[in-house]
Amino acid sequence: MAQEVTGHCLCGAVHYRVADNLGIFQYCHCSRCRRFTGSAHAANLFVLRDNFFWIAGEENMREYSPPDTKGTSEQPSNFSA
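Just so it is clear, the structure is predicted and the values come from calculations on it, not from any experiment.

Undergrad: Looking at this model, I keep getting lost on the pairing of strand E2 (residues 15–20). Mind explaining?
TA: Each regular strand carries side chains that alternate between the two faces of the sheet. In this sheet, E2 lies alongside strand E1 (residues 3–8) in antiparallel orientation, the contact comprising 6 bridges. Its bridge partner being in E2, Val-5 is matched across the sheet by Val-18. Where E1 hands over to E2, the hairpin turn is made up of 6 residues, of which Gly-12 adopts a positive phi near 85°. In terms of strand pairing, E2 meets strand E5 (residues 52–56) through 4 bridges, oriented antiparallel. From the neighbouring strand, Arg-17 faces E5, where its bridge partner is Phe-53.

See the structure below:
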């Protein structure tokens, strides 16, 4: 089912839109995700790059790919403010 969702970070500096298929949602319980969130898991939504749009604040973001993760260049990147 095609949908469109908009969202923003907690401080409001970054806004984004996800169009079309919202992709795969999963909880991750790896040590990195537990450490990052300070909880038992992280909630992740994987979307196609072509379906993700920055509305505002892209200049505040940094993209990184942890060196010890599995996957290929097709695997989603991680973003951090």
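Undergrad: Is there a simple way to explain the packing of aromatic side chains in this structure?
TA: Aromatic ring pairs are defined here through the distance separating the ring centres and the angle between the ring planes. The final tally for this structure, using the stated rule, is 3 aromatic pairs. Ring geometry for Tyr-16 against Phe-52: centres 5.8 Å apart, planes inclined by 20°, an arrangement best described as stacked. Separated by 36 residues along the polypeptide, Tyr-16 in strand E2 and Phe-52 in strand E5 bring together distant segments of the chain. Take Tyr-16: its relative accessible area is 28%, and that puts it in the partly exposed class.

Undergrad: Quick question: what am I supposed to make of the sheet that holds E5 here?
TA: In a beta sheet, neighbouring strands pair by backbone hydrogen bonds and run either parallel or antiparallel. Strands sit in the order E1-E2-E5 across an open sheet of 3 strands; the sheet is antiparallel. Single-partner strands in this sheet number two, and they are E1 and E5. Between one strand axis and the next, the sheet turns by 20° as a mean value, whatever way the strands run.

Undergrad: Please clarify how a nonpolar patch on the surface should be interpreted in this entry.
TA: A grouping of Phe-25, Tyr-27 and Leu-45 is seen on the molecular surface, where their side chains present a nonpolar patch of about 330 Å² in accessible area. One can find Leu-45 in strand E4 (residues 42–46). Judged by its relative accessible area of 45%, Leu-45 falls in the partly exposed class.

Each value, and the rule that gives it
- Residues numbered from 1 in each chain as written.
- Predicted model: local features only at pLDDT ≥ 70, side-chain atom pairs only at ≥ 80, totals over all residues.
- Heavy atoms only, no water.
- Pairing = 2+ DSSP bridges.
- Helix = DSSP H or I, 4+ residues; strand = E, 2+ residues; numbered from the N terminus.
- Phe/Tyr/Trp six-rings, centres within 6.5 Å; stacked < 30°, edge-to-face > 60°.
- Buried < 20%, exposed > 50% of the residue type's maximum accessible area, 1.4 Å probe, protein only.
- Axes fitted to C-alpha atoms, helices over the stretch in contact; angles between N-to-C directions.
- Patch = residues over 30% accessible without salt bridge, like charges linked within 9 Å, V, L, I, M, F, W, Y side chains within 5 Å.
- Areas by Shrake-Rupley, 256 points an atom, 1.4 Å probe, with all protein chains shown as cover.
- Salt bridge = Lys/Arg side-chain N within 4 Å of Asp/Glu carboxyl O.

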